[in-house]
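Summary of structural features
Single-letter residue listing:
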Amino acid sequence: MSDPLRDAPQIAPEFAIETEALAKTYRTETGGSVRALNGVSLQVPRGSIFGLLGPNGAGKSTLINILAGLVVRTSGTARIWGADIDKQMRRARSAIGIVPQEVNLDAFFSPREVLEVQAGLYAVPKAERRTMEILDALGLADKADAYARSLSGGMKRRLLIAKALVHSPPVVVLDEPTAGVDVELRRQLWAYMRTLNDEGVTIVLTTHYLEEAEEMCDRIAIIDRGEQIACEDTPTLIARLDQRTLTITLEETLTRLPAPLIAVEAELVGERTLCFRFSPSRTTVGELLSVVQGLGLTVADLATRDADLEDIFLRLTGIEDAPPHAAGLNDPQAGAAALARTEPKI
């Protein structure tokens, strides 16, 4: 079925979402102010999967809520599918579907009713509604007439995605879509998101699972304390760190590092493991192996690890220098990514 909003050439811009110097300041009860966003300028390419990352309290939710029309910006501009969110409000809101982090379903509505009501709010003609098609795609067809309160947590999350798709928006924003769901459901959700993306839908997601973002996203922006600190293609962003780790297991035991190993900043882990953190643009693995073998040491095993999105995220946000309790290192869901901060979510 052809969708006018998505197919009309005059409203198929280069960027699905554009923000320019977007800012939001909240007033506090004591008369002060909190700057949630400070001059954020983003360009989300049409047809891409775009990651919006940042610690809790960074301003991601504020940005999403501004795009959704739930929060009024303080300054700056934002366009969705070429439509200004203030001057062309109806067109902008018709072009976007929001999947919130919180479950906001009526407990006494069935999935079929939820989608029918949502489609009505967007003035989708009954003949053009895809209620059962969407439910089937998300594995909810057999629960179409069950109360929403009877659905499992994973089913409710899928229903939130279905709800965001009823008006066939060309842009879908997912705020922590896989938080608290099992591995199999996570795979199913991402498989469906890739299918949508293959059909031309632009996907914007926030997630605390950095491996997920690295695998899924074509381009990533990082926001910290309301400031945009990065926005690049994923491979370019990761390559910026220029870091690799070499771990060597020795046949011999060492009680201290010889001077040549100290010179190349090796770290002794236990008595038989050497760890090298080096810049591959300046040093090669072969050079480090030559230092080890020059000392008469025998290599029993070795492994290398390139920098990944987690490494660049921790470096840019400064979390890698924070104590574990402040960085959220004990959060089993965030894992080593450490996205959770003690600041309130805004």
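The text that follows walks through the structure, step by step, so that each part is easy to find. Small disclaimer: the values here were computed from a predicted structure and weren't measured.

**Some details on the pairing of strand β7 (residues 171-175)**
Burial within β7 is extensive, with 5 of its 5 residues counted as buried. Of the two faces of β7, the one holding Val171, Val173 and Asp175 and the one holding Val172 and Leu174 are both buried throughout. Where strand β6 (residues 96-99) meets β7, 4 bridges bridge the pair, whose relative direction is parallel. Paired with Ile96 across the two strands is Val171, which belongs to β7.

**Describing a nonpolar patch on the surface**
Together, Phe108, Phe109, Val117, Leu121, Tyr122 and Tyr147 give the surface a local cluster of nonpolar side chains, amounting to about 600 Å² of exposed area. Within the secondary structure layout, Leu121 lies in helix α4 (residues 111-121).

**Quick notes on unusual backbone geometry**
A positive phi angle is found at Ser168, which is not glycine, with a value near 50°. Secondary-structure assignment places Ser168 in the loop between α6 (153-165) and β7. Owing to a relative accessible area of 10%, Ser168 belongs among the buried residues under this scheme. The backbone of Arg225 shows a phi angle near 55°, a positive value even though the residue is not glycine. Counting through the fold element by element, Arg225 comes out in the loop between β9 (219-224) and β10 (227-233). Overall, Arg225 belongs to the partly exposed group, its relative accessible area being 48%.

**Quick notes on the sheet that holds strand β5 (residues 83-84)**
The 4 strands lie next to each other as β2-β1-β4-β5, forming an open sheet whose pairing is antiparallel. Whereas interior strands pair on both sides, the edge strands pair on one side only; in this sheet they are β2 (33-45) and β5. Relative to strand β4 (residues 75-80), strand β1 (residues 15-27) is paired through 5 bridges, and the arrangement is antiparallel. The residue of β4 that forms the bridge with Thr19 is Ala78.

**Overview of the packing of aromatic side chains**
Under the counting rule described, the total for this entry stands at 1 aromatic pair. An angle of 80° between the planes, with centres 6.1 Å apart, marks the rings of Phe108 and Tyr147 as edge-to-face. Residue Phe108 is found in the loop between β6 and α4, and its partner Tyr147 is found in the loop between α5 (131-137) and α6; the two are separated by 39 residues along the sequence. Owing to a relative accessible area of 51%, Phe108 belongs among the exposed residues under this scheme. In this arrangement the basic side chain of Lys24 is found over the ring face of Tyr26, its NZ or CZ atom lying 5.1 Å from the centre. Over the ring of Tyr209 we find Arg186, and its NZ or CZ is 4.3 Å from the ring centre.

**What about the pattern of salt bridges?**
The final tally for this structure, using the stated rule, is 12 salt bridges. When the shortest N-O distance is used, the salt bridge between Arg225 and Asp224 registers 3.2 Å. Classification of Asp224 by relative accessible area gives buried; the value is 8%. Arg277 is paired through a salt bridge with Glu267; the nearest N and O atoms lie 2.9 Å apart.

**Concerning the sheet that holds β7**
Taken in spatial order, the 6 strands make up an open sheet running β6-β7-β8-β3-β9-β10, and their pairing is mixed. Sheet topology places β6 and β10 at the edges, where each strand pairs with a single neighbour. When the angles between neighbouring strand axes are averaged without regard to direction, this sheet yields 15°. Of the strand pairs in this sheet, β9 and β10 are connected by 6 bridges, and their pairing is antiparallel. Looking at β10, one finds that Ile220 is bridged to Glu232. The sheet contacts of α6 involve β6 and β7, and relative to β6 the element is tilted by about 165°. In the packing of helix α7 (residues 183-198) onto the sheet, the strands contacted are β3 (49-53), β7 and β8 (202-206), and the crossing angle to β8 comes to about 145°.

**Considering the environment of Ala162**
If you trace the backbone, Ala162 turns up in helix α6. Between the C-alpha atoms of Ala162 and Thr131, which are 31 residues apart in sequence, the distance is 8.4 Å. When neighbours within four sequence positions are excluded, Ala162 is seen to be in contact with Leu115, Ile134 and Leu138.

**Looking at the nonpolar core**
Side chains that are nonpolar tend, in soluble globular proteins, to be buried together. The biggest cluster of nonpolar side chains holds 50 residues, and the ones touching the most others in it are Leu159 and Leu309. It is α6 that provides the largest number of residues to this core, a total of 7 residues. Listed in part, the 29 residues of the second largest apolar core include Leu22, Leu42, Leu63 and Ala78.

Criteria and cut-off values
Residues numbered from 1 in each chain as written. Predicted model: local features only at pLDDT ≥ 70, side-chain atom pairs only at ≥ 80, totals over all residues. Heavy atoms only, no water. Buried < 20%, exposed > 50% of the residue type's maximum accessible area, 1.4 Å probe, protein only. Helix = DSSP H or I, 4+ residues; strand = E, 2+ residues; numbered from the N terminus. Pairing = 2+ DSSP bridges. Patch = residues over 30% accessible without salt bridge, like charges linked within 9 Å, V, L, I, M, F, W, Y side chains within 5 Å. Areas by Shrake-Rupley, 256 points an atom, 1.4 Å probe, with all protein chains shown as cover. Salt bridge = Lys/Arg side-chain N within 4 Å of Asp/Glu carboxyl O. Phe/Tyr/Trp six-rings, centres within 6.5 Å; stacked < 30°, edge-to-face > 60°. Lys NZ or Arg CZ within 6 Å of the ring centre and 35° of its normal. Axes fitted to C-alpha atoms, helices over the stretch in contact; angles between N-to-C directions. Contact = heavy atoms within 4.5 Å. Core = buried A, V, L, I, M, F, W, Y, C linked by side-chain atoms within 4.5 Å.

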